[in-house]
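Coordinates in review
Listed here are the chains, written in short residue letters.
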Amino acid sequence: MKNRKVVFANQKGGVGKSTLCILFANYLAAKGKSVCIIDTDLQKTILMQRRKDKQIYEGEEEPYNIQDFDVSDVETMQKLVDSASEVDGFVLFDSPGNISEDGLAPLFVGADYIVCPYEYEDKALDSTGVFVQVLNVLREHNPQMTAQLFFVPNRIDPRIGTADEQEMWRRTDEVFGNFGKVTPVVNSRATLKRTNTYELLGTQRDAVKKAFEYMLRRMK
Ligand SMILES: Nc1ncnc2c1ncn2[C@@H]1O[C@H](COP(=O)(O)OP(=O)(O)OP(=O)(O)O)[C@@H](O)[C@H]1O
Ligand SMILES: [Mg+2]
């Protein structure tokens, strides 16, 4: 299976990086694809989730591997990216909110895809904008960087917004559309709060299917 390195990132905290990373892994595993996660976030959200799930799903085989990695320096990160390139299938990286952290650059430069969840909320949009600028600077300095960007509007209130809100959402998508692909939205759903590292519930699949299929079609 072709190697694909997919980094979930946005310097804005709490936008759904870890959640969408686990859901995408579950989605791929359910499709029979080979996948693993590398948890580079200091918070270790995904590793801790797996530890919890292990007790609940006692005795069941883990559907995919989750590996721990602490970001330190550029050289060590480069080694990680190089070895991830040898893996068959999808290697998903959950990244820390603080992207100015030293040592992260090789991850973005070496990624095939960067998945950036964002919310329609002023503060979130500002930090997402900063994140896009950081990636652009990285691109300028690293011509070998080829990562394609996916912007995932996440935690969207499915009620139709006011005319002003809709206009703001449309303009936001237009701006991000200049830097990458804006996927179909992922609504705010209680079922996504119950994301675990063993299985994808039917209701969860329904919530992410459009966005994930959109990305997968472009990850050929
Ligand atoms: N579509 C959604 N619907 C409902 N809840 C969601 C959705 N996406 C994420 N959440 C919830 O939002 C919270 C933050 O999500 P998550 O931890 O994935 O964000 P993060 O970007 O990884 O945060 P951090 O920057 O701290 O790493 C979690 O409680 C998660 O369950
Ligand atoms: Mg996280």
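Residues numbered from 1 in each chain as written. Chains lettered and ligands numbered in written order. Predicted model: local features only at pLDDT ≥ 70, side-chain atom pairs only at ≥ 80, totals over all residues. Heavy atoms only, no water.

**Observations concerning the layout of surface pockets**
As a volume, the largest pocket reaches approximately 400 Å³. Around the largest pocket, the lining comprises 20 residues; the ones closest to its centre are Gly 16, Thr 19, Arg 155, Leu 192 and Lys 193. Broken down by secondary-structure element, the contributors of at least two residues to the lining of the largest pocket are α1 (17-30), α2 (45-56), β6 (148-156) and β8 (186-187). Here the lining of the largest pocket takes five residues from α1, the largest share from any one element. Looking at the lining of the largest pocket, its residues break down into six nonpolar, ten polar and four charged. (1 Å grid on protein atoms, 1.4 Å probe; cavity = no way out; pocket = protein on both sides within 12 Å on 5 of 7 lines; lining within 4 Å. Points joined across faces, edges and corners; volume = space filled by probe spheres on them. Helix = DSSP H or I, 4+ residues; strand = E, 2+ residues; numbered from the N terminus. Nonpolar A, V, L, I, M, F, W, Y, C, P; charged D, E, K, R; others polar.)

**Details of the site of ligand 1**
Surveying the vicinity of ligand 1 reveals 17 residues, the closest of which are Gly 14, Lys 17, Ser 18, Thr 19 and Asn 154. Backbone polar atom of Gly 14 to an oxygen atom of ligand 1: 3.0 Å apart, as the coordinates give it. Between ligand 1 and Asn 187 there is a distance of 3.0 Å, counted from a nitrogen atom to a backbone nitrogen or oxygen. Protein burial of ligand 1: of its 630 Å² of free accessible surface, 82% is covered by the chains. Here ligand 1 is seated within the largest pocket. (Near = heavy atom within 4 Å. Polar contact = N/O pair within 3.5 Å; in protein donor to acceptor, adjacent residues only side chain to side chain. Areas by Shrake-Rupley, 256 points an atom, 1.4 Å probe, with all protein chains shown as cover. Sits in = over half its atoms within 2 Å of the grid points.)

**As for the pattern of salt bridges**
Summed over all chains, the structure comprises eleven salt bridges. A salt bridge links Lys 44 to Asp 68; the shortest N-O distance between them is 2.8 Å. You can see Lys 44 sitting in the loop between β2 (35-39) and α2 and its partner Asp 68 sitting in strand β3 (residues 65-68), a full 24 residues away along the chain. Judged by relative accessible area, Lys 44 falls into the buried class, the value being 12%. With a closest N to O distance of 3.3 Å, Glu 119 and Arg 155 form a salt bridge. Highlighted residues: Glu 119 in the loop between β5 (113-118) and α5 (122-141) and Arg 155 in strand β6, separated in sequence by 36 residues. On the basis of relative accessibility, which here comes to 42%, the residue Arg 155 falls in the partly exposed class. Through salt bridges with shared partners, one network takes in Glu 167, Arg 170, Arg 171 and Glu 174. (Salt bridge = Lys/Arg side-chain N within 4 Å of Asp/Glu carboxyl O. Buried < 20%, exposed > 50% of the residue type's maximum accessible area, 1.4 Å probe, protein only.)

**Observations concerning the packing of aromatic side chains**
Applying the stated criterion to the full structure yields twelve aromatic pairs. Ring geometry for Tyr 118 against Phe 176: centres 4.7 Å apart, planes inclined by 80°, an arrangement best described as edge-to-face. Residue Tyr 118 is located in strand β5, and its partner Phe 176 is located in helix α6 (residues 163-177); the two are separated by 58 residues in the primary sequence. On the accessibility criterion, Tyr 118 (0% relative accessible area) is buried. By relative accessible area, which is 5% here, Phe 176 ends up buried. Arranged with centres 5.1 Å apart and planes meeting at 15°, the rings of Tyr 120 and Trp 169 form a pair that is stacked. Pair noted here: Tyr 120 is in the loop between β5 and α5 and Trp 169 is in helix α6, with a separation of 49 residues, a long-range link. One aromatic cluster is present, built from ring pairs that chain together Phe 8, Phe 24, Tyr 27, Phe 90 and Phe 212. Its end group placed over the ring of Tyr 214, Arg 218 keeps NZ or CZ at 3.6 Å from the ring centre. (Phe/Tyr/Trp six-rings, centres within 6.5 Å; stacked < 30°, edge-to-face > 60°. Lys NZ or Arg CZ within 6 Å of the ring centre and 35° of its normal.)

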